[in-house]
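# Chains, contacts and geometry: an overview
Each chain, letter by letter, is given below.
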Amino acid sequence: MRPAEPGRRSLLDAGRRLLAGEDLSRLSVNAIVGAAGMAKGSFYQHWPTRTHYLVALHAVFHDELTARVEAAIGGLPPGPDRLAAGIAAYLDGCLAQPATKALLVQARTDAALGPQVAARNDAFAGMAVADLAALGWRPAEPVAALLVAAVADIALHELTAGGPRDDLRTAALRLAARTPEADPGP
């Protein structure tokens, strides 16, 4: 396939724009090239199949989220502040991406994307292990996997709400830190 170039980027950007209002399963090559203003043949110069395109689209989306999280946690010692910064960066990144719902939820049911979804979830969980260990979790890995699932669900709630859900973000951090909400009393 051809190396990355403006045409490849245009096609990926078109797919992301389309996924703001379209299901992943309905994303067609014709719609992608139409939105990019390109000929259908140019699509196949970059990817042999629609499936290969979806894998690339999923990778770009998660590469950007990963970079955002790494920038937010860089230099912070493992612990609750780093965990909070990483979760906030991930969720804010999801809110900034119109294709988030398709690439988080619908990708889970696409057989071709299953391995990529699992690998990305494992990578994000791996980023949280040291933070959870610093919070006293032994072993931290299972808790990290569950936290990634919870944060992905929070992202969907936030997309529906059209903005951050501070109540859910706070609850996830409290669960991770094993800190129950203070009882307001009678």
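All values derive from a computational prediction rather than experimental measurement. (Residues numbered from 1 in each chain as written. Predicted model: local features only at pLDDT ≥ 70, side-chain atom pairs only at ≥ 80, totals over all residues. Heavy atoms only, no water.)

It is worth spelling out the packing of helix α4 (residues 50-73) against helix α5 (residues 80-96) at this point. In the contact formed by α4 and α5, the axes pass within 8 Å of each other and the chain directions differ by 145°. The element α4 and its partner α5 pack so that their crossing is right-handed. For the pair α4 and α5, the contacting residues are Leu-65, Arg-68, Val-69, Ala-72 and Ile-73 in the first and Arg-82, Ala-85, Gly-86, Ala-89, Tyr-90, Asp-92, Gly-93, Cys-94 and Ala-96 in the second. When the residues that make up the contact of α4 with α5 are grouped by side-chain class, the tally is 9 nonpolar, 2 polar and 3 charged. (Axes fitted to C-alpha atoms, helices over the stretch in contact; angles between N-to-C directions. Helix = DSSP H or I, 4+ residues; strand = E, 2+ residues; numbered from the N terminus. Left-handed = near helix turned anticlockwise from the far one by under 90°. Contact = heavy atoms within 4.5 Å. Nonpolar A, V, L, I, M, F, W, Y, C, P; charged D, E, K, R; others polar.)

Before going further, it helps to spend a moment on α4. End to end, α4 covers 35 Å across 24 residues, agreeing with the expected 34 Å (1.5 Å per residue, within 8%). Among the residues of α4, Tyr-53, Leu-54, Ala-56, Leu-57, His-58, Val-60, Phe-61, His-62, Leu-65, Thr-66, Val-69 and Ile-73 are the ones counted as buried. In this structure, the buried residues of α4 make contact with α1 (6-18), α2 (29-36), α3 (40-46), α5, α6 (100-104) and α7 (114-134). (Expected span 1.5 Å × (residues − 1). Buried < 20%, exposed > 50% of the residue type's maximum accessible area, 1.4 Å probe, protein only.)

It is worth spelling out the pattern of salt bridges at this point. One pass over the structure, following the stated rule, counts 7 salt bridges. Here Arg-120 ties to Asp-63 by a salt bridge, and the two come within 2.6 Å at their closest N and O atoms. Here Arg-120 is found in helix α7, whereas its partner Asp-63 is found in helix α4, with 57 residues between them in sequence. Residue Arg-120 is classed as buried on the basis of its relative accessible area of 18%. In this structure, the salt-bridge partner of Asp-92 is Arg-169, at a minimum N-O distance of 2.9 Å. Placement of the pair is Asp-92 in helix α5 and Arg-169 in helix α9 (residues 166-177), with a sequence separation of 77 residues. When its relative accessible area of 34% is taken as the criterion, Asp-92 is described as partly exposed. Here the salt bridges share partners, and the residues they tie into one network are Asp-92, Glu-158 and Arg-169. (Salt bridge = Lys/Arg side-chain N within 4 Å of Asp/Glu carboxyl O.)

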